[in-house]
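Listed here are the chains, written in short residue letters.
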Amino acid sequence: MNSRRLFLQKITAAVTLPLAPAFANAFDHSSIAWQGPILKVAIMGLGSYGTRVAEAMLASTKAKLTGVISGTPSKVKTWQAKYGIPEKNCYNYENFDQIKNNPDIDAVYIITPNGLHHSQTLRVAKAGKHVICEKPMALNAVEAQEMVTACKQANVKLLIGYRMHFEAKTLEVVRMRQAGEFGKPLFFQGLSGFRIGDPGQWRLSKKLAGGGAMMDIGIYSVNGARYMLGEEPIWVTAQETKTDPQKFKEGVDETIQFQLGFASGAIASCLSTYTMNNLDKFFLNGEKGFAELQPSTGYGPIQGRTHLGALTQPHVTHQTTQMDEMAEIILNNKKTIIPVDGEEGLKDMKIVDAIYLAANTSKRIDLKL
Ligand code: NDP
């Protein structure tokens, strides 16, 4: 019996596990010609991540870049030439409310500094267009709640740019957890960090970033703890360390360790930092097994293994899959395995607020999500 079980474990580890249909669909944006409607997207903020999204969208079958909103005319010219965007679909930060009269644009993807997301989302919603907003969706939960409410009132969808929610190896771990293959989840570890360069950049401005590493990279561990464990935290504790107060000014966090507690008894222990490279790892431990993703949230390929062996799902450019999936959510009300809506982003902002409060007060903060 034991050797048979061992044999079965070995062959299970050796073959690619077939995916349940719902999971397979989540990243199947294959070459089959798409006959359905196409989501027409304008990107707001033509910076480094906006550029990456635009390039990835070229391979999307269900979403197409049709417009831009930018404060830099020279970039607009370059993008017009590269993506064939007509003048009538180009806006700046002063006049983009006029987008409401433009049938070539269904949704605006906001990829500007964090501190601008709230006001820009409210304006896009008022113009009657769907909003895709980058993470962190806002500077705090109050702003995030206002964004959710504004989009609801305007009857437009609000999605947050959580690209990992569509990534194949991540979804396989979630499938295994839901199928009980790890047994009862007990522990999550999330390590999220990199060494940040130029001290003058907006990511180190309290006003534009809302904080430091936690807003930018630590939020991946916050979000990951929730989808890896499949539960919402009920308390938070946190400790902050600062080695360079010149670079990381008041309100801009350099390193925060935080712990999350869950009603089931599961716990999470995470690190968010702007001073250590190669920190991109998720680990999930359950009563019967484990999953490890490293890298876990970078642009990929994501690498991972479980107690059953290596994860072998193929790599697809994250933003290509994300845009195809978001087109289906917006145009066809598709329900995804891990949500990416405003409510999902709001939960993360409530946790981030609680982490800052816990770090500042050295108290355990209770949460109701
Ligand atoms: P960048 O600084 O590279 O680009 C931001 C762009 O926003 C600028 O190029 C500019 O575009 C526009 N902008 C408008 N106002 C300002 C301002 N006051 N200061 C600076 N830029 C301004 O940032 P990123 O592209 O790296 O990040 C943008 C957002 O995307 C952030 O919220 C970040 O957290 C998120 N992000 C998400 C990632 C993910 O994997 N999901 C990865 C990286 C970033 P223009 O000149 O066209 O006006």
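Computed from a predicted model, the values in this text were never measured in an experiment.

Spatial ordering of the open sheet is given by E3-E2-E1-E4-E5-E6, a layout of six strands whose pairing is parallel. One side of each edge strand has no neighbouring strand; the edge strands of this open sheet are strand E3 (90-91) and strand E6 (158-160). In this sheet, E6 lies alongside strand E5 (residues 130-133) in parallel orientation, the contact comprising three bridges. Bridged to Val131 within E6 is Leu158. Its contacts with the sheet place helix H3 (residues 48-57) against strand E1 (39-44), strand E2 (63-69) and strand E4 (107-110), and it is angled at close to 160° to E1.

We now examine the site of the ligand. Lining the immediate surroundings of the ligand are 26 residues, of which Ser70, Thr72, Lys75, Tyr93 and Arg163 lie closest. Between the ligand and the protein, one listed contact pairs an oxygen atom with a backbone N or O atom of Thr112 at 3.2 Å. Residue Arg203 places a side-chain N or O atom 2.9 Å away from an oxygen atom belonging to the ligand. Burial of the ligand by the protein chains amounts to 81% of its free accessible area of 890 Å². With respect to the detected pockets, the ligand is housed in the largest pocket.

Residues of the protein with pLDDT of at least 70 account for 91%, and the chain-wide mean is 93. Low pLDDT, under 50, characterises residues 1-29; the predicted model gives this stretch 37 contacts beyond four residues in sequence or across chains.

Here we take up the sheet that holds strand E14 (residues 309-310). Within the open sheet, the nine strands sit side by side as E14-E13-E12-E11-E7-E10-E9-E8-E15. Their pairing is mixed. The open sheet is flanked by E14 and strand E15 (365-366), the only strands paired with a single partner. Alignment of strand E12 (residues 290-293) against strand E13 (residues 304-306), held across three bridges, turns out to be antiparallel. Its bridge partner lying in E13, Glu292 is registered against Arg305. Strands strand E7 (185-193), strand E11 (279-286), E12 and E13 of the sheet are contacted by helix H7 (residues 168-178), whose axis makes an angle of about 170° with E12. The strands that helix H11 (residues 342-361) touches are strand E8 (233-241), strand E9 (255-262) and E15; relative to E8, the one it contacts most, it runs at about 50°.

Turning our eyes to something else, we now look at the side chain of Asn114. Mapped onto the elements of the fold, Asn114 is located in the loop between E4 and helix H5 (117-126). For Asn114, a relative accessible area of 3% puts it in the buried group. Side-chain polar atoms of Asn114 contact the backbone oxygen of Ala209, separated by 3.0 Å. Leaving out residues up to four positions away in the same chain, Asn114 has contacts with Lys135, Pro136, Leu139, Trp202, Leu208, Ala209 and Met215.

This paragraph deals with helix H10 (residues 318-332). In this model H10 runs 21 Å from its N-terminal to its C-terminal C-alpha over 15 residues, within 8% of the 21 Å that 1.5 Å per residue would give. The buried fraction of H10 is high, at 13 of 15 residues.

What follows concerns the domain arrangement of the protein. In terms of domains, the protein is made up of domain 1 (3-163) and domain 2 (165-314 + 341-366). Computed over C-alpha atoms, the centres of domain 1 and domain 2 are 22 Å apart. Each side of the interface is counted separately: domain 1 has 31 residues, and domain 2 has 36 residues. Around 3,000 Å² of area is buried between domain 1 and domain 2 when both sides are counted, 63% of it from carbon and sulfur atoms. For the salt bridge of Lys135 with Asp216, the shortest nitrogen-to-oxygen distance reads 3.5 Å. Viewed at the interface, domain 2 and domain 1 are joined by 14 residue pairs in polar contact (both at pLDDT 80 or more).

With that settled, consider the layout of surface pockets. Of the volumes computed, that of the largest pocket is approximately 720 Å³. As for the largest pocket, its lining consists of 32 residues, and the residues nearest its centre are Ser48, Tyr49, Arg203, Asp216 and Tyr299. Looking at the lining of the largest pocket, the elements with two or more residues in it are H3, helix H9 (213-229) and E11. When residues of the lining of the largest pocket are assigned to domains, at least three fall in each of domain 1 (3-163) and domain 2 (165-314 + 341-366). Surrounding the second largest pocket, 19 residues form its lining, Lys157, Leu158, Leu159, Asp341 and Gly342 being those nearest its centre. Contributions of two or more residues to the lining of the second largest pocket are made by helix H6 (141-153), E6 and H11. Considering every element that reaches the lining of the second largest pocket, the biggest residue donor is H6, with three residues.

Analysis parameters
Residues numbered from 1 in each chain as written. Predicted model: local features only at pLDDT ≥ 70, side-chain atom pairs only at ≥ 80, totals over all residues. Heavy atoms only, no water. Pairing = 2+ DSSP bridges. Helix = DSSP H or I, 4+ residues; strand = E, 2+ residues; numbered from the N terminus. Contact = heavy atoms within 4.5 Å. Axes fitted to C-alpha atoms, helices over the stretch in contact; angles between N-to-C directions. Near = heavy atom within 4 Å. Polar contact = N/O pair within 3.5 Å; in protein donor to acceptor, adjacent residues only side chain to side chain. Areas by Shrake-Rupley, 256 points an atom, 1.4 Å probe, with all protein chains shown as cover. 1 Å grid on protein atoms, 1.4 Å probe; cavity = no way out; pocket = protein on both sides within 12 Å on 5 of 7 lines; lining within 4 Å. Sits in = over half its atoms within 2 Å of the grid points. pLDDT = per-residue confidence, 0-100. Buried < 20%, exposed > 50% of the residue type's maximum accessible area, 1.4 Å probe, protein only. Expected span 1.5 Å × (residues − 1). Domains from an automatic or database assignment. Buried area = accessible area lost by both parts, 1.4 Å probe. Salt bridge = Lys/Arg side-chain N within 4 Å of Asp/Glu carboxyl O. Points joined across faces, edges and corners; volume = space filled by probe spheres on them.

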